[in-house]
Amino acid sequence: MFLSLTLNLILCAAVLLWYFIYRYQKKYDYWRDLGVPFVGKSGDIIYETRKHKSFAIQDRYNELAPYSFGGIFQAAKPYLLVRDPELIQRILVRDFSHFTDRGIAFHEEIDPLNANLFNLGGQRWKKIRSKLVPIFSTGKLRSMFSKTEQCVLALNRYLSDKLKNSSEFEVRELMQKLTTQVIGTCVFGFDVDSISDEDTEFRKLERPLTPGPLKFRLRQILRSIHPRMLVWLRWKGFNKEVEDFVMNVTREAVKNGEVNRNKRNDLIQLMANLQHEERRELQDRTTETFADPLFTDHILAAQLFIFFLAGYDTTATTLANCLYELALNPGIMDRLRAEVQTICDANCGKLDYDALNRMPYMDCIINGMCVASRTKHQELCIVIKS
């Protein structure tokens, strides 16, 4: 009796295993059934440790030549890779209303900092984005320039003291200190000194930003296998200390929003103003037209945090590479310095927002470094979840 039950259980397990393997393999017939050109299993896009994901996609791009588009797979999940620039323009511009979502699954209660514009979709994304766009107008950015200038002056003072004792220092780390201070001042509204003070809160924020590389890679693999797996596991994308810090900063800014409304021009205050305006609008409406607020505290915190992520290391790396290349090419450095000096002389010795916009050579150098920092020879393409 026991042996028979055991054999039945083994048989059932084998049948179930065969079924899941069959269903998994059947997914690879997706593009063949649709008559779309495709390349085979792309496990290296997720599991490959010898190359970056962008290089793995680049390989698939090359394999699909000369087709305008084709199918690829990530953990048996079909994706459409579009290669033709005209099709890409149509998808991103004319037919954008059909391709607004990035397909990233997350749970706002578990992972509130992931509820940013990069991950949101549908009407929420559209409404929040339309409210945030005016914040980045030329006038608003110009009003923050003086704060940025103060950060640069603090860097000059730090360098002057540093050079008295040593002629060597790590440029990339120095640029990270600068970008941290600019973001802390202009985005979060703090009077921070991350350049000379190693123990400032924002310097601490940089270090435990994400889990270790092994946990991060495992998270990426699980997300690729099934987008909602991380939700089921209640696995946060960022460390709890980071989340608590950003949420507390945001709540404090919202709490003081009405008091300082017309006194500050940092980004967190401008976003807090949006929340206060929305609350007043909702209070003025009747109950029949009441709608849930868009700008909750965690939505504000998520947008502020993504600004930190997008601006901190990217800007520091670009500036560090730029300084390195200028050191290797003194002729270019002299020409750039001459342009800056000419604009300063024409502007009574001052550099302001408008003066920077009159430096075409500076613009070429910075843009050139931004391009060089990306994947070399990366062709234009987009990947769409099917």
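Before any of the text, the structure's been laid out above.
Anyway, here's the lowdown on the structure attached to this text. This one's a predicted model, so the numbers in the text were calculated from it and none came from an experiment. (Residues numbered from 1 in each chain as written. Predicted model: local features only at pLDDT ≥ 70, side-chain atom pairs only at ≥ 80, totals over all residues. Heavy atoms only, no water.)

Where helix 15 (residues 297–328) meets helix 16 (residues 330–346), the closest approach of the two axes is 5 Å, and the angle between their N-to-C directions is 110 degrees. Between helix 15 and helix 16, the interaxial angle falls into the category roughly perpendicular. Only Pro330, Ile332, Met333 and Leu336 of helix 16 make contact with helix 15, whose side of the interface consists of Leu326, Ala327 and Leu328. Partitioned by chemical class, the residues of the contact of helix 15 with helix 16 number 7 nonpolar, no polar and no charged. (Axes fitted to C-alpha atoms, helices over the stretch in contact; angles between N-to-C directions. Helix = DSSP H or I, 4+ residues; strand = E, 2+ residues; numbered from the N terminus. Parallel < 35°, antiparallel > 145°, perpendicular 65-115°, else oblique. Contact = heavy atoms within 4.5 Å. Nonpolar A, V, L, I, M, F, W, Y, C, P; charged D, E, K, R; others polar.)

Our focus in this paragraph is unusual backbone geometry. Ala65 connects to Pro66 through a cis peptide bond whose omega is 5 degrees. Within the element layout of this structure, Pro66 appears in the loop between helix 4 (53–63) and strand 1 (69–74). In the Ramachandran plot, Cys348 falls in the positive-phi region, its phi being about 60 degrees despite a non-glycine side chain. Structurally, the position occupied by Cys348 is in the loop between helix 16 and helix 17 (353–356).

All right, on to the pairing of strand 1 then. Taken residue by residue, a regular strand's side chains alternate between the two faces of the sheet. For strand 1, the tally of buried residues reaches 5 of 6 residues, placing the bulk of the element in the interior. With 6 bridges joining them, strand 1 and strand 2 (residues 77–82) adopt antiparallel strand pairing. Looking at the pairing, Gln74 lines up with Lys77 of strand 2. (Buried < 20%, exposed > 50% of the residue type's maximum accessible area, 1.4 Å probe, protein only. Pairing = 2+ DSSP bridges.)

A full pass over the atoms with the stated rule returns 9 salt bridges. We note a salt bridge from Asp29 to Arg32, for which the minimum N-O separation is 2.7 Å. Of the charged contacts in the structure, one is a salt bridge between Arg279 and Asp297, with a shortest N-O distance of 3.9 Å. Here Arg279 is found in helix 14 (residues 267–284), whereas its partner Asp297 is found in helix 15, with 18 residues between them in sequence. Arg279 gets classed as partly exposed once you look at its relative accessible area, which sits at 39%. With relative accessibility at 23%, the residue Asp297 sits in the partly exposed group. (Salt bridge = Lys/Arg side-chain N within 4 Å of Asp/Glu carboxyl O.)

A few words now on the nonpolar core. Core analysis: the biggest nonpolar cluster contains 49 residues, and Phe188 and Val246 have the highest contact counts within it. Within the residue set of this core, elements represented by two or more residues are helix 6 (122–132), helix 8 (145–165), helix 9 (171–186), helix 13 (240–255), helix 14 and helix 15. Membership of the second largest hydrophobic core comes to 7 residues, among which are Val39, Tyr61, Leu64 and Ile72. (Core = buried A, V, L, I, M, F, W, Y, C linked by side-chain atoms within 4.5 Å.)

Quick look at the packing of helix 8 against helix 9 now. The packing of two helices is summarised by the inter-axis angle and the distance between the axes. Contact pair helix 8 / helix 9: the axes reach a minimum separation of 9 Å and the direction vectors enclose 150 degrees. The element helix 8 and its partner helix 9 pack so that their crossing is right-handed. When helix 8 is examined against helix 9, the residues Lys147, Thr148, Cys151, Val152, Ala154, Leu155, Tyr158 and Leu159 are found in contact with a partner set consisting of Leu174, Met175, Lys177, Leu178, Gln181, Val182, Thr185 and Cys186. A breakdown of the residues in the contact of helix 8 with helix 9 according to their chemical character gives 11 nonpolar, 3 polar and 2 charged. (Left-handed = near helix turned anticlockwise from the far one by under 90°.)

Its 16 residues place the ends of helix 9 22 Å apart at the C-alpha level, agreeing with the 22 Å of an ideal helix rising 1.5 Å per residue. Burial analysis of helix 9 places 13 of its 16 residues in the buried class, which makes it a mostly covered element. Capping of helix 9 at its N-terminal end is provided by Glu170; its side-chain oxygen lies 3.3 Å from the backbone amide nitrogen of Arg172. (Expected span 1.5 Å × (residues − 1). Polar contact = N/O pair within 3.5 Å; in protein donor to acceptor, adjacent residues only side chain to side chain.)

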